Amino acid sequence: MSGRDKLQLGQRERLIFALDAPDREQALAWVDRLGDSVSFYKIGMELLASGDYFTVLDELARRDKRIFVDLKFFDIPATVAGVIGGLSRWPVTFATVHGWHAGMMQAAAEARSGDLRLLAVTVLTSMDGKDLQQMGISGEPADIVVQRALSAQASGIDGVIASGQEAGVIRAACGPGFSIVCPGIRPGGPVGDDQKRTVGVAEAFQRGADAIVVGRPISKASDPRAAAEAIQAEITTI
C-alpha cells in the first residue's frame with residue numbers, strides 16, 4: 001500500500017509556524033503579526049483545550065493559509081479511522097498520527113479523503129536515546145525513526161514528522177516520493193530548551209526535509225515577523 005502523490009509545496013510554504021496559543025484571540029493575533037511572512041500554520045494541542053480550535057482553523061482557511069492539524073492521533077484503528085474520516089471534511093493539508101502501530105496507520109490512510117495528507121510521528125524531537133531506553137525501546141533514535149518511517153510508508157501514510165538529524169536516512173530508505181517534515185529547528189543552534197535532537201534550517205533541507213516547523217525561534221524573537229522572513233530568505237538559498 002502506498003500514500004498519495006507527494007504534495008508539492010510552494011517556496012514560502014516550506015516554513016510552517018507552530019501556532020501555540022491558548023485561545024482564538026491570541027492565535028489570530030499571531031497570524032496578524034506575521035502577515036505574509038508565514039503561509040502555513042501548525043495548530044496543536046494547546047489551542048484544542050480552549051474550544052476555539054476549529055474556529056481558528058476556519059479563519060486560517062479563510063485567509064488562504066495552509067493548515068497542519070498536529071494532534072498526534074493514537075488509538076485503536078477504528079477510532080483513528082473515524083477521526084481521520086471526519087477531519088478530511090475540513091480544509092486541512094497535514095494531520096499527524098503516531099507511527100507506532102501499522103494497523104492503526106493503515107486504517108487512518110484508508111479513511112482519509114479529499115486533499116488531506118497524513119504524517120506519522122516517529123520519535124519526538126524532545127527525546128533522545130536515553131529516553132527511548134527508559135521506555136523499553138532498544139536502539140538508536142535514527143534506527144527507530146527509519147523503522148517507523150518504513151512502516152508508515154508501507155501502511156499508506158504520506159510522510160513523517162522527524163528530526164532533521166534523521167532526514168537523510170529517511171530519504172535514503174523511503175525515496176523521493178515520501179514527505180519529511182522536520183520540527184525542532186533552531187536557526188541559531190541549541191538554546192537549552194526541551195528540544196534535544198535539533199538542527200538548523202539549511203541542514204534540515206540539505207538532509208532531505210520538504211518543510212520545517214518553527215515555533216519559539218520566531219515567537220520568542222524581538223521581531224517575530226523579521227525572524228520568519230530571515231528563515232524564508234535562508235530557504236530560498238538552499
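Right, let's walk through the structure included here. Here the structure is a predicted model, which means the values were calculated and not measured.

Rules behind the numbers
- In this numbering scheme, every chain counts its residues from 1 along its sequence in written order.
- Where local features are concerned, this predicted model is filtered to residues with pLDDT of at least 70; where side-chain atom pairs are given and counted, the filter is 80 or more; whole-chain, interface and lining totals use all residues.
- To obtain the side-chain values, all non-hydrogen atoms of the structure were included, while hydrogens and water were left out.
- Numbering of helices and strands starts at the N terminus; helices are DSSP runs of H or I of at least 4 residues and strands are runs of E of at least 2.
- Here's how the labels work: a residue is buried when its accessible area is under 20% of the maximum for its type, exposed when over 50%, partly exposed in between, all with a 1.4 Å probe on protein chains only.
- Residues count as neighbours in contact if any of their non-hydrogen atoms are within 4.5 Å of one another.
- The Shrake-Rupley method, run with a 1.4 Å probe sphere, supplies the accessible areas, and residue values consider only the shown protein chains as cover.
- Interaxial angles span 0 to 180 degrees and are taken between N-to-C directions of axes, which are lines fitted to C-alpha atoms, for helices over the stretch in contact.
- The cut-offs work like this: below 35 degrees is roughly parallel, past 145 is roughly antiparallel, 65 to 115 is roughly perpendicular, and the gaps in between are oblique.
- Should the near helix be turned anticlockwise from the far one by less than a right angle, the crossing is left-handed, and should it be turned clockwise, the crossing is right-handed.
- Only Asp, Glu, Lys and Arg are considered charged in this grouping, and only Ala, Val, Leu, Ile, Met, Phe, Trp, Tyr, Cys and Pro are considered nonpolar; every other residue, Gly among them, is considered polar.
- Ring pairs are drawn from Phe, Tyr and Trp, using the six-membered ring of Trp, whenever the two centres fall within 6.5 Å, and their geometry is named by plane angle: stacked under 30 degrees, edge-to-face over 60, tilted for the rest.
- When we speak of the arc, we mean the arc of directions from the helix axis to the C-beta atoms.

Quick look at the overall build of the protein chain now. The helix and strand tally for the protein chain stands at 11 helices and eight strands. Looking at the protein chain as a whole, 53% of its 238 residues qualify as buried. Within the protein chain, contacts between residues separated by at least 24 positions form 69% of all contacts whose residues are at least 6 apart in sequence. For the protein chain, the accessible area works out to roughly 10,200 Å², and carbon and sulfur atoms hold 49% of it.

A few words on the packing of helix 1 (residues 24–34) against helix 11 (residues 224–236). Viewed as axis vectors pointing N to C, helix 1 and helix 11 meet at an angle of 60°, and their least axial separation amounts to 8 Å. Of the possible angle classes, the one that applies to helix 1 and helix 11 is oblique. Seen from above, helix 1 lies across helix 11 with right-handed handedness. For the pair helix 1 and helix 11, the contacting residues are Trp 30, Arg 33 and Leu 34 in the first and Pro 224, Arg 225 and Ala 228 in the second.

So, on to the packing of helix 7 (residues 141–154) against helix 8 (residues 167–174). As a packed pair, helix 7 and helix 8 sit with axes 10 Å apart at the nearest point and diverge in direction by 40°. In terms of orientation, helix 7 and helix 8 fall into the oblique class. Both helix 7 and helix 8 take part in a crossing whose hand is right-handed. Residues Val 145, Val 146, Ala 149, Leu 150 and Gln 153 of helix 7 pack against Val 169, Ile 170, Ala 173 and Cys 174 of helix 8. Looking at the contact of helix 7 with helix 8, its residues break down into eight nonpolar, one polar and no charged.

This structure, assessed with the given rule, holds seven aromatic pairs. Ring geometry for Phe 54 versus Trp 90: centroids 4.4 Å apart, planes at 40°, classification tilted. Taken together, the residues Phe 54 in helix 3 (residues 53–62) and Trp 90 in the loop between helix 4 (77–87) and strand 4 (94–98) connect sequence positions 36 residues apart. The exposure class assigned to Trp 90 is partly exposed, which follows from its relative accessible area of 32%. Chaining the aromatic ring pairs together yields one cluster made of Phe 17, Trp 30 and Tyr 41.

It is worth spelling out the side chain of His 98 at this point. Relative to the helices and strands, His 98 resides in strand 4. If sequence neighbours within four positions are ignored, His 98 has contacts with Lys 72, Phe 73, Phe 74, Met 104, Met 105 and Val 121.

This next bit is on unusual backbone geometry. Positive phi outside glycine occurs at Asp 64, with the angle close to 65°. Along the polypeptide, Asp 64 turns up in the loop between helix 3 and strand 3 (66–73). Since its relative accessible area comes to 70%, Asp 64 is described here as exposed. Within the chain, Lys 72 stands out as a residue other than glycine whose phi angle is a positive 50°. Positionally, Lys 72 belongs in strand 3.

Along an α-helix, residues three or four positions apart point the same way, because every turn accommodates 3.6 residues. The set of residues buried in helix 1 consists of Ala 27, Leu 28, Trp 30, Val 31 and Leu 34. Axial view of helix 1: buried residues confined to an arc of 145°, hence all on one face. Seen from the buried face of helix 1, the exposed residues on the opposite side, beyond 90 degrees, are Glu 25 and Asp 32.

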